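Next come the chains, spelled out residue by residue.
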Protein chains: 2
Amino acid sequence: MSASDMKIIPPKKLSGKAETLLVAGGDSFVSEPVDKLQLDYGGIVGDYHHGLTRKSGGREPWHKRGLEMRNERQITILSAGELEEIAEKMGIDRLEPGWIGANIVVSNIPRLSMLPPRSVILFDGGVTLRVDGYNAPCREAGKEIARALGAPAPQVDGQPDYKKSDMAFSFAKQADRLRGLVAWVEREGEIATGETFTVRIHEQWIYE
Amino acid sequence: MSASDMKIIPPKKLSGKAETLLVAGGDSFVSEPVDKLQLDYGGIVGDYHHGLTRKSGGREPWHKRGLEMRNERQITILSAGELEEIAEKMGIDRLEPGWIGANIVVSNIPRLSMLPPRSVILFDGGVTLRVDGYNAPCREAGKEIARALGAPAPQVDGQPDYKKSDMAFSFAKQADRLRGLVAWVEREGEIATGETFTVRIHEQWIYE
C-alpha cells in the first residue's frame, strides 16, 4: 500500500467555549476555579504541571521513570458533557472537574477526548494550544474522586487508601475515552472564563 | 456517534535506521551531512531551525505572520525511499536530502511521511523525538532543487528566479505526501550515523 492509496479525511473546524478555568496551585494536581489563566511556554503559570520539562512516569513505559523529558502534558482540557457522562456511568451525582485536575472545561466540542493529536485550539484572545492527545484515566485521579465523596476504601495504617477503593477503579474504567486531552502552549497569553475558541483539525488518515 | 462507536486501531511498533544525518549550518535551510547530531530541547544545536520558539509563517494561516510561537518544527525527517520516489516522479536523476533541508534520512519505515502525529521515535542511544506531523512540500524547497540542478528559470533583474521555475512547481506537486515529517525533541542527547530506532504509534481513529 502506498500513501496515495490511503483514505484522507479533509481538515475540519469546530467552535467551542471555555466554561470553567482552573489552576492546581497546591502540591497536587487537584485544581480550583479561577477567573483567568496566564500561559507561557511552560503551561499555566502557577500550576502543578507547569514546566518546559517534566519527569517521565508510568505514561511513558518506553522510558525509565524519572528521566527529564519535554513537557507536552501541560494543560488538562475536559468536556462538560463528558464529565456528566462519566458521573452517570460511575453512578455518582457529580464529578467536579477540579478533582481530576482540569484546567479548562469546554462545551460544544463533541467527543472532545477523541480530538486527534496536532489539532490547534485558537482562543479568541490570541492564546493557542496544541493538542498532544487523549489523556487516559488512571486511579490517581480516581482516588481524588473517592476522597472528595468519602467513598468506602480499604484501611491502611488506620487511613483510608482511596487509590484502592472501588471508586478509583470505577473511574479508570468508566472514564475510558471520556477523560479529555492534554495540550501544550503554542502561543502565550491569557484566557478568560467564557472565552470562545475554534479548533482546527488537520488532515486525518489511518496508518496501518 | 459517540466515542465508543469509533473504530480504534491499536498501537503499533516499527523499527528503522538513521542512514544520514545533516545540519543546516548556514543562513538557509539547506543542510550538509555530518557524523552526529547534538540535540537539546530547541532541536539540533547549530541548525537553522533550532529554537524553543520560532516565527509564524505561511504554514499557520490561522496566525498573522511573524508572531512568536512554540517551535514544533525543529527537525526534518525524510525517508530514503520516498526521496527516490520524488526524484522519479519529477524525472530527475537524484534529489540530495540536503537540498530540501533534511536533518535525518531514515530507512525501513514504510510511508514515513504518513506516520501519525504524536508518534514517538526512540533512538537506541537514548534520544527521543516526537512527530509533530507531515511536512507539506513548498516551492521554497523546490527552489533549492532547481538551483542545485541549474534548471531553467525565468530571469528577474538578470538573475534566475528558481522559485518560479517549473522544477519548483514540480516538486511542490510531486512530493505530495512524500516530503517527510517535522518533529521536536522529547529527550536530549546525541544521534550517530547508522543508529537504529523504534517508532511507537499510539492508538488511531478518525474524528468525523
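Structural notes, computed from the coordinates. Each residue is numbered by its place in its chain's sequence as written, counting from 1. Lettering for chains starts from A, numbering for ligands starts from 1, and both go in the order in which the items are written. Since the coordinates come from a predicted model, pLDDT governs what is reported: local features require at least 70, and pairs of side-chain atoms require 80 or more to be given and counted, while whole-chain, interface and lining totals use all residues. Only hydrogens and water are set aside when side-chain values are computed; all heavy atoms of the structure are taken into account.

1. Remarks on the overall build of chain A
Put simply, the rule reads: To qualify as a helix, a DSSP run of H or I must reach at least 4 residues; to qualify as a strand, a run of E must reach at least 2; elements of each kind are numbered from the N terminus. Our radius of gyration looks at C-alpha atoms and nothing else; its globule reference is 2.2 Å times the residue count to the power 0.38. Accessibility here uses a 1.4 Å probe with only protein chains present; expressed as a share of the type maximum, an area under 20% marks a residue as buried, one over 50% as exposed, and anything in between as partly exposed. Contacts between residues were defined by any pair of non-hydrogen atoms, one from each residue, lying within 4.5 Å. What sets the accessible areas is the Shrake-Rupley method with a 1.4 Å probe; for residues, cover comes only from the shown protein chains. Only four residue types enter the charge count: Lys and Arg as positive, Asp and Glu as negative, with His and the chain ends excluded. Lys charges are placed at NZ, Arg charges at CZ, Asp charges at CG and Glu charges at CD.
Across its full length, chain A holds three helices and 15 strands. In summary, chain A has a C-alpha radius of gyration of 18 Å against a globular reference of 17 Å for 208 residues, a match within 12%. Along the longest, intermediate and shortest principal axes, the C-alpha atoms of chain A span 60 × 45 × 35 Å. Across the 208 residues that make up chain A, the buried fraction comes to 55%. When contacts within chain A are restricted to residue pairs at least 6 apart in sequence, those whose partners lie at least 24 apart make up 70%. Surface summary for chain A: the accessible area is close to 9,100 Å², and the carbon and sulfur share equals 47%. The average position of the 27 basic charges and that of the 30 acidic charges among the side chains of chain A differ by 5 Å.

2. Brief notes about the interface of chain A and chain B
Selection rule: As a working definition, buried area equals the accessible area (1.4 Å probe) given up by two parts on being put together, with both sides summed. Salt bridges are identified by distance alone: a Lys or Arg side-chain nitrogen within 4 Å of an Asp or Glu carboxyl oxygen.
The interface of chain A with chain B comprises 52 residues on the first partner and 52 residues on the second. The junction of chain A with chain B conceals about 5,000 Å² of combined surface from both sides, 56% of it contributed by carbon and sulfur atoms. Looking at the side of chain A facing chain B, the largest losses of area belong to Arg-70, Arg-111 and Tyr-207 of chain A, adding up to 20% of the total buried there. Where chain A touches chain B, the interface holds eight salt bridges. Taking the shortest distance from any N to any O, the salt bridge between Arg-118 of chain B and Asp-132 of chain A comes out at 3.0 Å.

3. Some remarks on the packing of helix α2 (residues 139–149) of chain B against helix α3 (residues 166–174) of chain B
Residue and element names in this part refer to chain B. Short version of the rule: Structural elements are reduced to axes, namely lines fitted to C-alpha atoms, with helices fitted over the stretch in contact, and the angle between N-to-C directions of any two is expressed from 0 to 180 degrees. Roughly parallel covers angles under 35 degrees, roughly antiparallel covers those over 145, roughly perpendicular covers 65 to 115, and oblique covers all other angles. Crossings are sorted by hand: turned counterclockwise from the far helix by less than a right angle, the near helix makes the crossing left-handed, and turned clockwise it makes it right-handed. Under the grouping applied here, Gly and all other residues not named as nonpolar or charged are polar, the nonpolar ones being Ala, Val, Leu, Ile, Met, Phe, Trp, Tyr, Cys and Pro and the charged ones Asp, Glu, Lys and Arg.
Close contact between α2 and α3 brings their axes to 7 Å; oriented N to C, the two are set at 130°. Comparing their axes, α3 and α2 come out oblique. The chirality of how α2 crosses α3 is right-handed. Residue-level inspection shows Arg-139, Ala-141, Gly-142, Lys-143, Ile-145, Ala-146 and Leu-149 of α2 in contact with α3, the latter providing Met-167, Ala-168, Phe-169, Phe-171 and Ala-172. When grouped by side-chain class, the residues that make up the contact of α2 with α3 number nine nonpolar, one polar and two charged.

4. Considering the pattern of salt bridges
Under the counting rule described, the total for this entry stands at 28 salt bridges over all chains. The closest approach of N and O atoms between Arg-54 of chain A and Glu-72 of chain A, which form a salt bridge, is 3.1 Å. Linking Arg-54 of chain A in strand β5 (residues 53–55) with Glu-72 of chain A in the loop between β6 (68–70) and β7 (75–79), this pair joins segments that are 18 residues apart in sequence. Exposure class is identical for Arg-54 of chain A and Glu-72 of chain A. Each is buried. When the shortest N-O distance is used, the salt bridge between Glu-190 of chain B and Lys-36 of chain B registers 3.6 Å. Of the two residues, Glu-190 of chain B is situated in strand β14 (residues 189–192) and Lys-36 of chain B in strand β3 (residues 36–40); the sequence distance between them amounts to 154 residues.

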